[in-house]
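Read off the chains here:
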Amino acid sequence: VGPKLFQYVLKVLVQSVQLLYTLLRIDQPSYILLQNPPGLPGIAVAWVAGLWWGSKLIIDWHNYGYTIMSLSHGRSHPLVLIAKWYEKLFGRLSDYNLCVTDAMKKDLWVNFKIKAVTLYDKPASYFKETPLDLQHNLFMKLARDYEPFKARAVSPSADRSAFTERDGSTGSVVKPRGRPALLISSTSWTEDEDFSVLLRALEDYERFIEEGAELPALVCVITGKGPLKDYYNRLIQKLHLKHIQICTPWLEAEDYPLLLGSADLGVCLHKSSSGLDLPMKVVDMFGCCLPVCAIHFECLHELVKHNENGLIFRDSQELAKQLKMLFLDFPSLEGKLPSFRENLRVSRQLRWEQSWDQTVLPLLGNKE
């Protein structure tokens, strides 16, 4: 109840009391590690708790809270200006700082006078390519609830999905000829991702097929939930696509990495509110050796290497042309798409645990 500003101030005060009460009841830690955002009221409360215990405060900067607030309020809104002042003030009170890009490391120093160490996000060990057997089990499971995963034609084999088929005599799983390509994107359905870009690109892809291009049918899976999901679902329902099926499931946690490891291409529409963070969804896709088409922003090149592990686009027309180029002669083992996947396989990027051991433990002087 009451004005929005009153609600917001009251929420921050209540959360401050709750969080401080919770922190002071746990065993005394040597370090408090806080991911920002969200940092209001977390940074201030963690600093107070650190003073009480004599603990070191580490802030892990993934973005700026005030730039996320500015998406809905504008850069000059009083709340946004207060949030920026707050992050700058309490950020300087930390003992150590980690950040997710070299661009953010530079910005923290130039604008906040905060020294940080770059710790790139890395995929957890369970993000990896999915074996064919597991792919088939997942597709059959999803086919029970989602039409795009069901087999396109009536088959003598009942053990068949849109993408895989199990041989009744040998038990082996194969990907049948003429299968659709599986494109996946994940989102929290917020203002920093404009999914109309993908929808327009899919309409262009449909037109390419109608004009005679030898392209596969597409199943486009967009996972996640969030405030704009209903809005985009209404837009999807208005599309009249014959060769493309769009599905917006909410997956169980253990199924998401399996689906990434089974897909043919990932699409990322994340645009950083600050221009300084990197999309974790692409990190996870790369962990599954899944090539990516990602929309351009300032520091994306620190993750996506154009024409090496994926492609960077700026608008829906460019994305449509990239989809056409990547899926021509699908599922041939020649061409850009298999080349990107092989580059990801041989890169052997660090996993999260290894990255932490190499970057953070030396910073803390921990020899264990």
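Residues numbered from 1 in each chain as written. Predicted model: local features only at pLDDT ≥ 70, side-chain atom pairs only at ≥ 80, totals over all residues. Heavy atoms only, no water.

(A) A look at the pattern of salt bridges. Taken as a whole, this structure holds 13 salt bridges when the rule is applied. Notably, a salt bridge pairs Arg160 with Glu165, separated by 3.8 Å at the nearest N-O pair. Using a relative accessible area of 25% as the deciding quantity, one classes Arg160 as partly exposed. Asp264 is the partner of Arg179 in a salt bridge, and the nearest nitrogen-oxygen pair spans 3.2 Å. Of this pair, Arg179 sits in the loop between β6 (173-174) and β7 (181-186) while Asp264 is found in the loop between α9 (255-260) and β10 (265-268), placing the two residues 85 residues apart along the sequence. A relative accessible area of 7% places Asp264 in the buried class. Put simply, Glu129, Arg341, Glu342 and Arg345 are held in one network by salt bridges that share partners. (Salt bridge = Lys/Arg side-chain N within 4 Å of Asp/Glu carboxyl O. Buried < 20%, exposed > 50% of the residue type's maximum accessible area, 1.4 Å probe, protein only. Helix = DSSP H or I, 4+ residues; strand = E, 2+ residues; numbered from the N terminus.)

(B) Structural detail: helix α3 (residues 65-73). Within the span of α3, buried status applies to Gly65, Tyr66, Thr67, Met69 and Ser70. Two residues or fewer after α3 comes Gly74, characterised by a positive phi angle close to 95°.

(C) Looking closely at a nonpolar patch on the surface. A contiguous nonpolar surface patch, about 290 Å² in accessible area, is contributed by Leu5, Val9 and Leu13. Along the polypeptide, Leu5 turns up in helix α1 (residues 4-25). A residue is classified by how much of its surface remains accessible, and Leu5, at 53% relative accessible area, is exposed. (Patch = residues over 30% accessible without salt bridge, like charges linked within 9 Å, V, L, I, M, F, W, Y side chains within 5 Å. Areas by Shrake-Rupley, 256 points an atom, 1.4 Å probe, with all protein chains shown as cover.)

(D) Summary view of the UniProt feature "domain: Glycosyl transferase family" (unreviewed entry) in the chain. Here the UniProt-annotated "domain: Glycosyl transferase family" (unreviewed entry) positions come out as residues 179-328. Taken end to end, residues 179-328 is 34% helix and 19% strand, and its first and last C-alpha atoms sit 14 Å apart. (UniProt positions renumbered as here; feature names shortened; annotations may be inferred.)

(E) The arrangement of the packing of α3 against helix α4 (residues 78-91) in detail. Where α3 contacts α4, the two axes come as close as 9 Å, and the packing angle between them is 175°. In terms of their interaxial angle, α3 and α4 are classed as roughly antiparallel. Of α4, the residues touching α3 (which contributes Gly65, Tyr66, Met69, Ser70 and His73) are Leu79, Val80, Ala83, Lys84 and Glu87. Split by residue class, the contact of α3 with α4 holds five nonpolar, three polar and two charged. (Axes fitted to C-alpha atoms, helices over the stretch in contact; angles between N-to-C directions. Parallel < 35°, antiparallel > 145°, perpendicular 65-115°, else oblique. Contact = heavy atoms within 4.5 Å. Nonpolar A, V, L, I, M, F, W, Y, C, P; charged D, E, K, R; others polar.)

(F) Seen up close, a positive patch on the surface. A grouping of Arg75, Lys84, Lys88, Arg92 and Lys113 is seen on the molecular surface, where their side chains present a positively charged patch. When you line up the elements, Lys84 lands in helix α4. (Lys, Arg positive; Asp, Glu negative; His and termini not counted. Charge placed at Lys NZ, Arg CZ, Asp CG, Glu CD.)

(G) Broad picture of the domain arrangement of the chain. Domain boundaries in the chain define domain 1 (24-122 + 353-365) and domain 2 (132-347). One C-alpha centre belongs to domain 1, the other to domain 2; they are set 34 Å apart. At the interface, 16 residues of domain 1 touch eleven residues of domain 2. Carbon and sulfur atoms supply 61% of the area that domain 1 and domain 2 bury against each other, a total of about 1100 Å² over both sides. Of all residues in domain 1, Leu71, Thr101 and Asp121 bury the most surface against domain 2, accounting for 36% of the area lost on that side. Applying the counting criterion to the domain 1 and domain 2 interface returns zero salt bridges. When contributions to the side of domain 1 that touches domain 2 are tallied by element, the ones reaching two or more residues are α3 and α5 (102-112). Ranked by the residues each element gives to the side of domain 1 that touches domain 2, the list is headed by α5, at four residues. The residue inventory of the side of domain 1 that touches domain 2, partitioned by class, reads seven nonpolar, four polar and five charged. (Domains from an automatic or database assignment. Buried area = accessible area lost by both parts, 1.4 Å probe.)

(H) How the structure looks around the nonpolar core. One finds Phe149, Leu182, Val221, Leu259, Leu260 and Val304 to be the most contacted residues of the largest nonpolar core, which totals 37 residues. Contributing elements (two or more residues each) for this core: α6 (132-143), β7, β8 (218-223), α9, α10 (280-287) and β11 (292-295). Among residues more than four places away in sequence, those in contact with Val304 are Val282, Phe286, Ala294, Asn309, Gly310, Leu311 and Ile312. (Core = buried A, V, L, I, M, F, W, Y, C linked by side-chain atoms within 4.5 Å.)

(I) Molecular detail of α1. Taking 1.5 Å per residue, 22 residues should reach 32 Å; α1 reaches 32 Å between its end C-alpha atoms and fits that length. Among the structural elements, α2 (42-53) are those in contact with the buried residues of α1. (Expected span 1.5 Å × (residues − 1).)

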